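Topology and contacts: notes
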Amino acid sequence: MKFKKFTALVLMFSMIFSMGTAVFAEEPYPSYILNTSDYDTYSKPIPAPYTTLTVIDFNSKEAGKLSNPEDMFIDDEGKIYVADTGNNRIVVYDSDYSFLFEISSTGLYSEGDLSALKEPKGVYVNPDDGAIIVADSGNSRIVEFTKYGNLRYSYPKPEDELLAADFSYQPIKVTKDTRGFMYVANNGDSNGIMQLSSNGEFISYYGTNKVNLSFWESLSRMLWSREDRLGTVVTLPYTFTNIYSSDDGYMYATTTTETPPQVRKINIGGSDVIYAAYDFRDMSINGYSQYNQVFCDVTVDKYNNMLIVDRMFGRIYEYDERGNNLFAFSTRGTGYGQLSYPISIETDNRGRVYVLNRSSGNITVYEPTEFANLVHEANSLYTAGRYEESMVLWEQVLERSNYYTLALINMGDILMREASLINTETANTSGGSGTEAENPRADLTEAELYDMAIDYFYEAENTEHASEAFEEIRSIFLRNHFTTIVIVVVVLLLVWVAWTSIKRARRRKYGPPKERHNAWTVITGFFKRVGGVMRHPIDGFEGIRYENQGSYLDMFFIMLLYGLMTVAGRYAVSFIYRGGTPLSVIRPVSVFFYSLIPWIVVCVVNYGVTTIMYGEGRFRDVIIGGAYCHGPLMFLILPVSLLTHVLTNNEASIYSILEMLIYLWTVLLVYFCMKGVHGFHPVKAFVVFILTALGVAAVALLFFIVYGLAVQMFDFIAQFVKELIYLA
Amino acid sequence: MLKKKDKNQDVNKDIPAYENTKRAKVAKVVKIVVPIVLVLVLAFIIFEVATSDGHKVVFKKDGLESSRQLAATDTSKGINGQMLQDQGMTLVAENDFLKLSFSNKENLFIIEDKINGEVFRSYPEPIYEQGLEEGGASDVAAYDLSTETGQFITSPVFVGYTKSGMDGGFVLGVNQMPHVKTVYFIENGIRLHYEMKELELEFSVEITIEDNELVYRVPVNGIIERETYEWEEEDRRPLLMSISVLPYLGAHRSTQKGYFVVPDGSGALTYFDVPRITNYNEYSKHVYGTDQTFDTSENPSYNDQIVSIGAYGIVENMDGDGENNINVSANSMMTSFIVEGDADADLKISNPGIRSLPFYAIYFQYNYRNFYKLQISNSGTQYDMVVKDMQIGDVEQRIRIDTSENETYSYVNVAKIVQNKLIDQWNARYGESVSLGSANADVPVMNVKMFMGAENISGGVLNQLTVMTDYEDVQNIYNELSEMGAPEIRISLLGWQNDGYFWNSTTKLKPDSSYGSKGDFKDLLKWAKDKGIELSLDNNLLIVYGEPKNGATLRNSIVKSANTFYVNYWRRSTSGMFLADGEYYIMSPDYFEQELLEDAIERLTDYGASNVDLQQLGNMVYSDYNEEHPLHRIQSINRYVQWLRSYGEKFDKLAVYNGNAYAVPFVDTIVDMPVGTSSQIVLDDDIPFMQLVYHGIVNYYSLPVNSQPYEEFYTLKSIEYGSLMSYEITEQETSELFYTYYDSLYRSEYNNLKEEIVERYNITNEAVKPFASLEMTDHYRVDDDYDVFCTEYSDGTKVYVCYETGNVSVTDSTNGRTISFDGNGYQILQKGGE
């Protein structure tokens, strides 16, 4: 037996994990990461983090079809427990998805059969003894079975003085913590999660949601008395839809609200840990949709990452312990791997993700891909403080997905950490454990490391981390060049003093310099006139009106320069101060023309107001004077923007104050312009100023109304014509 | 003002009194006449608008074949050729291969294979109580003709209709509706003539046998719809929507062994004995892809592949042996192929549970009309309306029947029959002589798409284009890859046009200056030609990014839906939603042909282009209800064919995307050809059906490997499917693309990919390229227990691909060889190897 040519070329895979076999060339759902940049709230594409391993179709199983199942639990052995609500039973499958047994009874609980279930909506398995605890919703109780499905305990409706007489008990989900306390999500109970003792006695409510009041509701509460508010709808806290107790003692819960906090991570004391203020809405979806997401279940994987599932769009989101979004994937649909009506999510110790679909009664099983494994590994190493090893994996993540901003941020943070350890004994090991690889950046200086870090943050469009890195870079620079800076400043001061002294001496000796007329003096003259009005607005504006000191040419150049400076200012603001906005999205032409609109509107309105207020200014004076008001903006907007390059987020107030002063100066000039150009008394000028402001507001309002009506009118005409055409 | 008034008074003083009187009279007349004229003009406009046929769409008739008359009645049989009503099974036709019998009473067709005696029924035989195994259940009751189920199953024809031109769109079996059926003998078969009483509709279906084929024909001349009454609006009458013939022929129960062969994407199998969820809609797809003019969807679909060939197969094992995998041992096979009517056919698959029936069924539905949505106001309800014109001519579908006691059949045999049918069809329809082996043996090993640039979503100081790769980069990349050992590369330039990838296709075709000067562009093309590099310019022909320009307007250049609205082309966001922020439209094919085609070709030749990749022509067919140049789907296809011919005359090599069957005879290359099937729940396994049909006829490249989630898997899949590989690369970092509309790539930077490209180039060069011009003769799973597959070529070479992660040894029963793998990989066994 001989091969003429026998080639055996085994593909070597660079990744550390092998792939599964049941994969499609393309997954039938989007895979992305929610953008972490400050500028953009949308998503970025990533390679599929999970692939559809299988869809467990219970039609083929011994136990038969599921009917509206509501909950699922997977134990440490990978056994799957499903609350088959419509069939009044709990069904158990092994880790290969083969039927093991079911818990059901033909009897009725009301007739004394304690093992009879009615619409069980929640199931939990105690890891210690394998006891199956069921939220027997229809029978208003919690019931516990042995791991073989034999009845052990029945915990009826708890009684306690804290519970009202008309207390309605319909447990929908149940879980247990490591201390043995049971936690029950009670249907429609806005008091919180019920905490029960191990023998079913009520202890307290836990993790109660806050009332989410709208602005108007808050206002009415402030203004109206309790009697006044009688008869109005009472706003209650949102209730819980699902609960999950993690091994590290936290309670994860989903709520009925569509606004924050949709998902909570609650500590033992009932307080939110990390997800409290997080808005879990996916704006890349919500931006285009009128529907909000409905998060119906939460679970935690072996890396302590949180996975939540959204029923509305069939999306699964994974977050790490620090609240970073790792992945978003899947979609609603009936295709292989799509979610028809997700109701429950679980993971097993193989990293697989299981989603129970209520309407189709099946479980979609996802398996992590190489990419997800890589991210999980990199992130867990990072969390464990093994930074250098994590760095290597993050680099691989970036190679696989150039958009993975979390990798950029974490790599930047690692470099920052390394930089902070420079000149210490641990510099070469990045401060991690002794098992870490040698640091290839050991030869880099502190400043170089921070420079590298800030580059990562720039790429990730993350201003917060970029600001921290810049602060360090700036302090290193100041530390290294302090003497030089002082010398330069002193020298410059001396030069300035010497220059002014010489000028003064020459003036004393030879008198004022002769007036010359050339291009230079024309330019300086222009700036002197603008500067003069800025410094002496009363005289300046009166001069424009009564001494014809202003000109259309000046006006043109002031507004041109102002527009250009505005555009330049937009480009000149540092990355940190423009909120990560990429320069490529700035529209210079629009910025230029938009910057002129206030001037035009204010001038027109002011001329209208002063015409009926007997102002003496002509329209010419108003627009020229108005242009001169832009002096501070023209001169200072660019320098202040440039100043941001030496400021960090911590000094934002300096930038704000400077900006405010410029605008205040401009507003004052507007006031003096109105006074000087129209020859008003200061009080009357103030009145005119206010009326002008009101007029501008009215014009804006009118514009929006007219615009809105015009759109409606055009739409009406268009529809009318279409209807005519159609009828024709 | 006072002065002016005085002046006028002075003037008037000079005019005589009678003049003043005359002027006053004229003024008075003017004052009366002008308003009257204005009112009349306005009334006329309103009247014109209200009474004119503003959206009267008049289609041409080319492509809508209606020449076929009803077959002549055979008067030698029956009474005047008409079948008696109360007869049992009647033999209506017979030849050397088949016998066709029909029971008028039971509406049952029986086709008997004369060689083996195998019998096929037009609907499955009921399970009778007699002979039932213990525990089995009879389903005779389901065939009760007094029930809807019974009427449905036994209907030889399904009819889609609307009673009022807007409601319903119901599809029912003919037996579910009052009708008069007349059965005529015709040569080699019978004609069923249906007179649908309520629908006021008549049509005829001819069912004959020719050699070993069962043939359905629906002559369009046999379809008679009621005329519009005088008092009735034209489109409010009952209208025929669709016809399906013998839909339950070849239907199977889930207890039977076998599968359907579905040409979805690369191809798929639907096994009969796989239990599946029953509460989903039936599989339904247009042949040649969705029609964006009608098929509106709120959410984009994912991994939704195209049915590129109008065919399907049914492979069954009458003995009931075999496993539910692609190696089902089958002894009978039906191969269905559309000869006419493919452009408006839907491929349908029903699985057990749908309509409460226990069958798997596969059939084509021929759509004579479509529904469209009409929304009268912004907040109003949308109405389903039906277009007036029929969009389809004669229909002919042929079902070849093969049975054997000794041989076994598989999807490979189905593919080979379809291959022959396609070659015949290309010859008959287009006069194109295509043969096996016409693919280029010296094809470039890999297609490297170089993405050049796209416009920013907003912004930019002077130029809004984000340049990802320029002309110099193209040469540098090629040279470097060549030096690294990958010289035989096909380069495809994406986004080279003015404004980049999303260029406005109504403007003049020219290269963007951001990548280099026009001279540089020409130099690049010349450089490629001189070095013998196949450099192809990617061309978007029909999607208009932005408002139409250059004399093109929405009115004259953009596809309209039947509801008068312009058809938008929706871009998909990275998070899976349609984006409404881009003004994207679809161009009227006629407009392109009349205004742009010639200029585009001329410019490309002027630049010195030798090869072009043509978007849309191989993967996107649509209707156009623009009044100025309406087209049905088949007419669009005919336009495409003409364009492909025009391009073919001027350029060395043409490529299209995906590879719809009508385009194949005109192109040298297919790019982005699928190597997988859709994620439909009814499709169980993917197979290289399309590849079995096309391999050796045309060269093809798979989708870029670097945009696939599982690159290693995709590499092996490409090898298994005989597909040359592709990459899509940029010189700049991929993240530069984020603020452009081309934000779907996540890994494209050349520097990160070059070594990988060379590695996969070498793999393709060894495992795919040598067989590029050969026919793919077989494909099978080597061992039922392992994911190891074999693809065999006409020279006897076998390529084994293993998807198992661990060590695997399998024995190929076809040659007794044992092949061992250390995990994922491939092996090549050339002809002569034992």
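The model shown is predicted, which means the values in this text are computed figures rather than measured ones.

**With respect to the overall build of chain A**
When helices and strands are tallied, chain A shows 15 helices and 26 strands. What you see for chain A is a C-alpha radius of gyration of 35 Å, clearly larger than the 27 Å of a compact globule of 728 residues, by over 25%. Dimensions along the principal axes, computed over C-alpha positions, put chain A at roughly 115 × 75 × 65 Å. Taking all contacts inside chain A whose residues are at least 6 apart in sequence as the whole, residues at least 24 apart take part in 57%. About 34900 Å² of surface is accessible on chain A, with carbon and sulfur atoms providing 59% of the total. Each charge class in chain A was averaged separately, 58 positive and 80 negative side chains, and the resulting centres sit 12 Å apart.

**Quick look at the packing of helix 8 (residues 519-535) of chain A against helix 13 (residues 631-643) of chain A**
Residues and elements named next belong to chain A. Helix 13 packs onto helix 8 with a crossing angle of 105 degrees between their chain directions and a minimal axis gap of 9 Å. Comparing the axis directions of helix 8 and helix 13 gives the class roughly perpendicular. Contacts between helix 8 and helix 13 involve Phe 526, Phe 527, Val 530, Gly 531 and Met 534 from the former and Gly 631, Pro 632, Met 634 and Phe 635 from the latter. Of the residues contributing to the contact of helix 8 with helix 13, the split by class is seven nonpolar, two polar and no charged.

**Some words on the domain arrangement of chain A**
Residue and element names in this part refer to chain A. Its domain assignment divides chain A into domain 1 (384-513) and domain 2 (522-710). When each unit is reduced to the centre of its C-alpha atoms, the spacing between domain 1 and domain 2 is 37 Å. With eleven residues of domain 1 at the interface, the matching set in domain 2 holds twelve residues. Taking both sides of the interface into account, the surface hidden between domain 1 and domain 2 amounts to around 900 Å²; carbon and sulfur atoms contribute 61%. A per-residue breakdown of the area domain 1 buries against domain 2 is headed by Thr 463, Phe 470 and Arg 474, which together make up 49% of the total. The tally of links from domain 1 across to domain 2 stands at one salt bridge. Notably, a salt bridge pairs Arg 474 with Glu 651, separated by 2.8 Å at the nearest N-O pair. Inspection of the region where domain 1 meets domain 2 yields four residue pairs in polar contact (both at pLDDT 80 or more). For the side of domain 1 that touches domain 2, the secondary-structure elements that each account for two or more residues are helix 6 (446-460) and helix 7 (463-510). Grouping the constituent residues of the side of domain 1 that touches domain 2 by class yields four nonpolar, three polar and four charged.

**Some words on the environment of Leu 654 of chain B**
Residues and elements named next belong to chain B. Within the fold, Leu 654 resides in strand 34 (residues 653-657). By relative accessible area, which is 2% here, Leu 654 ends up buried. Distance in space between the C-alpha atoms of Leu 654 and Phe 666 is 7.7 Å, their sequence separation being twelve residues. The residues touching Leu 654, leaving out its near neighbours within four places in the chain, are Val 612, Leu 614, Leu 644, Tyr 647, Gly 648, Phe 666, Val 667, Asp 668 and Thr 669.

**Side note on the sheet that holds strand 12 (residues 151-155) of chain A**
All names here are of chain A. Sheet architecture is open: four strands sit in the order 9-10-11-12, paired in antiparallel fashion. What marks the edges here is a single partner per strand, and that holds for strand 9 (120-125) and strand 12. When strand polarity is set aside, the average angle formed by the axes of neighbouring strands in this sheet is 20 degrees. Sheet topology places strand 9 next to strand 10 (residues 132-136); five bridges connect them, and they run antiparallel.

**A look at the sheet that holds strand 4 (residues 50-57) of chain A**
All names here are of chain A. The antiparallel open sheet is built from four strands, whose spatial order is 4-26-25-24. Among the strands making up the open sheet, the edge pair consists of strand 4 and strand 24 (342-347). Going from strand to strand, the sheet's axes swing by 20 degrees on average, the running direction of each strand aside. Judged from the five bridges that link them, strand 24 and strand 25 (residues 353-357) form a sheet pairing that is antiparallel. Opposite Ser 344, over in strand 25, you have Leu 356 as the bridge partner.

**Focus on the packing of aromatic side chains**
Residue and element names in this part refer to chain B. Taken as a whole, this structure holds 77 aromatic pairs over all chains when the rule is applied. Relative to Tyr 662, the ring of Tyr 288 has its centre 5.0 Å away and its plane inclined at 90 degrees; by these criteria the two rings are edge-to-face. Here Tyr 288, found in the loop between strand 16 (283-286) and strand 17 (311-317), pairs with Tyr 662, found in the loop between strand 34 and strand 35 (669-673); they are 374 residues apart in sequence, far enough to count as distant. By relative accessible area, which is 2% here, Tyr 288 ends up buried.

**Points about the nonpolar core**
If you look at the biggest cluster of nonpolar residues, it comprises 234 residues, and the most contacted ones within it are Phe 203, Tyr 647 and Tyr 694 of chain B. Element by element, the count of residues in this core is highest for helix 4 (residues 411-430) of chain B, at ten residues. Once residues lying within four places of it in the same chain are set aside, the contact partners of Phe 203 of chain B are Val 157, Val 159, Val 174, Leu 192, His 193, Tyr 194, Met 196, Gly 222, Ile 223 and Ile 243 of chain B. Counting residues in hydrophobic clusters, the runner-up holds 89 residues, among them Phe 329, Ile 544, Tyr 562 and Val 567 of chain A.

**So, the side chain of Asn 410 of chain A**
Residue and element names in this part refer to chain A. Relative to the elements of secondary structure, Asn 410 occurs in helix 5 (residues 405-420). Looking at Asn 410, the relative accessible area reads 1%, which means it is buried. Ignoring anything within four residues of it in the chain, the contact list for Asn 410 reads Arg 322, Asn 379, Tyr 382 and Trp 394.

**Observations regarding the confidence of the model for chain B**
Residue and element names in this part refer to chain B. This prediction gives chain B a mean pLDDT of 88; 91% of its residues lie at or above 70. Note that pLDDT drops below 50 for residues 1-12; the model gives that stretch one contact with residues more than four away or on any other chain. Interface predicted TM-score (ipTM) for the complex: 0.84; the corresponding pTM is 0.85.

**Here's the deal with the pattern of salt bridges**
This structure, assessed with the given rule, holds 70 salt bridges over all chains. A salt bridge links Arg 545 of chain A to Asp 621 of chain A; its shortest N-O distance comes to 3.4 Å. Taken together, the residues span a long stretch of sequence, with Arg 545 of chain A in helix 9 (residues 537-546) and Asp 621 of chain A in helix 12 (residues 619-628) at a distance of 76 residues. Neither residue differs from the other here; Arg 545 of chain A and Asp 621 of chain A are each classed as buried. Here Arg 760 of chain B and Glu 712 of chain B are joined by a salt bridge, their closest N and O atoms 3.8 Å apart.

**Thoughts on the confidence of the model for chain A**
Residue and element names in this part refer to chain A. The predicted model of chain A averages 87 in pLDDT, with 92% of residues at 70 or higher. Counted against residues more than four places away or in other chains, residues 1-24, with its pLDDT under 50, gives 70 contacts. Within the model, pLDDT remains below 50 along residues 425-436, and this stretch shows 24 contacts once partners closer than five positions in the same chain are excluded.

**Some remarks on the pairing of strand 17 of chain B**
Residues and elements named next belong to chain B. Burial within strand 17 is extensive, with seven of its seven residues counted as buried. In this structure, strand 14 (residues 257-262) lies alongside strand 17, joined through five bridges in antiparallel fashion. Paired with Val 261 across the two strands is Gly 313, which belongs to strand 17. Pairing of strand 17 with strand 18 (residues 332-340) involves six bridges; the strand directions are antiparallel. Along strand 18, the bridge assignment pairs Tyr 312 with Ser 336.

**Thoughts on helix 4 of chain B**
All names here are of chain B. The end-to-end C-alpha separation of helix 4 is 27 Å, in line with the 28 Å expected for 20 residues at 1.5 Å each. Across the 20 residues that make up helix 4, a large majority, 14, are buried. Gly 431, located one to two residues past helix 4, shows a positive phi value of around 70 degrees.

**Section: helix 5 (residues 471-483) of chain B**
Residues and elements named next belong to chain B. Here helix 5 spans 19 Å end to end across 13 residues, near enough to the 18 Å set by a 1.5 Å rise per residue. Among all positions in helix 5, only Tyr 471, Asp 473, Val 474, Ile 477, Tyr 478 and Leu 481 are buried. Projected onto a plane normal to the axis of helix 5, the buried residues spread over an arc of 160 degrees and lie on a single side. Exposed and facing more than 90 degrees away from the buried side of helix 5 are Glu 472 and Glu 483. At its buried positions, helix 5 is contacted by strand 24 (446-451), strand 27 (489-494), helix 6 (518-531), strand 28 (534-539), strand 38 (724-729) and helix 12 (750-767). Trailing helix 5 by a residue or two, Gly 485 shows a phi angle of about 110 degrees, which is positive.

Cut-offs and rules
Residues numbered from 1 in each chain as written. Chains lettered and ligands numbered in written order. Predicted model: local features only at pLDDT ≥ 70, side-chain atom pairs only at ≥ 80, totals over all residues. Heavy atoms only, no water. Helix = DSSP H or I, 4+ residues; strand = E, 2+ residues; numbered from the N terminus. Rg over C-alpha atoms; globule rule 2.2 N^0.38 Å. Contact = heavy atoms within 4.5 Å. Areas by Shrake-Rupley, 256 points an atom, 1.4 Å probe, with all protein chains shown as cover. Lys, Arg positive; Asp, Glu negative; His and termini not counted. Charge placed at Lys NZ, Arg CZ, Asp CG, Glu CD. Axes fitted to C-alpha atoms, helices over the stretch in contact; angles between N-to-C directions. Parallel < 35°, antiparallel > 145°, perpendicular 65-115°, else oblique. Nonpolar A, V, L, I, M, F, W, Y, C, P; charged D, E, K, R; others polar. Domains from an automatic or database assignment. Buried area = accessible area lost by both parts, 1.4 Å probe. Salt bridge = Lys/Arg side-chain N within 4 Å of Asp/Glu carboxyl O. Polar contact = N/O pair within 3.5 Å; in protein donor to acceptor, adjacent residues only side chain to side chain. Buried < 20%, exposed > 50% of the residue type's maximum accessible area, 1.4 Å probe, protein only. Pairing = 2+ DSSP bridges. Phe/Tyr/Trp six-rings, centres within 6.5 Å; stacked < 30°, edge-to-face > 60°. Core = buried A, V, L, I, M, F, W, Y, C linked by side-chain atoms within 4.5 Å. pLDDT = per-residue confidence, 0-100. Expected span 1.5 Å × (residues − 1). Arc of directions from axis to C-beta.

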